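# Structural characterization, general
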Amino acid sequence: INVANVEAEGFPNALGVVKVMGRNSGFIAMHSALGCCVADLCLVPEVDFYFDGPGGIADHIYERIVRNGKAVIVVAEGAGQNLMKEMGAAAGGEEVKKDLSGNVLLDD
């Protein structure tokens, strides 16, 4: 996360995105974001979010970039699955796909 922050500082109006482990839980992402003290936004699977409109993350990111010249986002692995379904990535009626370990494959 700190490396993404340094890289974002090196380019005007940059956005650093860090994806961390956390299929069903944003514990690692949230504590990493809190511990580094440079993350502007943390997206976790437990909290649904949306991109557009008032209160959407696009407005928040834009505000941070305008104010600070950069933004850093920490994303837990399973965050935004509801958006993936809305956008059609997970078509209804399809068989649930699993990896070799038996874990359900996420759409992201």
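The paragraphs below set out a description of the structure included in this document. Keep in mind that what you see is a predicted model, and the values were worked out from it rather than measured.

### Re the pattern of salt bridges
- Taken as a whole and assessed by the stated rule, the structure comprises 1 salt bridge.
- The partner of R67 in a salt bridge is E63, with the nearest N and O atoms 3.6 Å apart. Here R67 and its partner E63 are both found in helix α3 (residues 57–68), 4 residues apart, which amounts to about one turn of the helix.
- Using a relative accessible area of 56% as the deciding quantity, one classes R67 as exposed.

### Focus on the side chain of N5
- In this fold, N5 is placed in helix α1 (residues 2–9).
- A relative accessible area of 8% means that N5 is categorised as buried.
- When neighbours within four sequence positions are excluded, N5 is seen to be in contact with V38, K70 and V72.

Parameters at a glance
Residues numbered from 1 in each chain as written. Predicted model: local features only at pLDDT ≥ 70, side-chain atom pairs only at ≥ 80, totals over all residues. Heavy atoms only, no water. Salt bridge = Lys/Arg side-chain N within 4 Å of Asp/Glu carboxyl O. Helix = DSSP H or I, 4+ residues; strand = E, 2+ residues; numbered from the N terminus. Buried < 20%, exposed > 50% of the residue type's maximum accessible area, 1.4 Å probe, protein only. Contact = heavy atoms within 4.5 Å.

Function-wise, these values are silent; they only describe arrangement.
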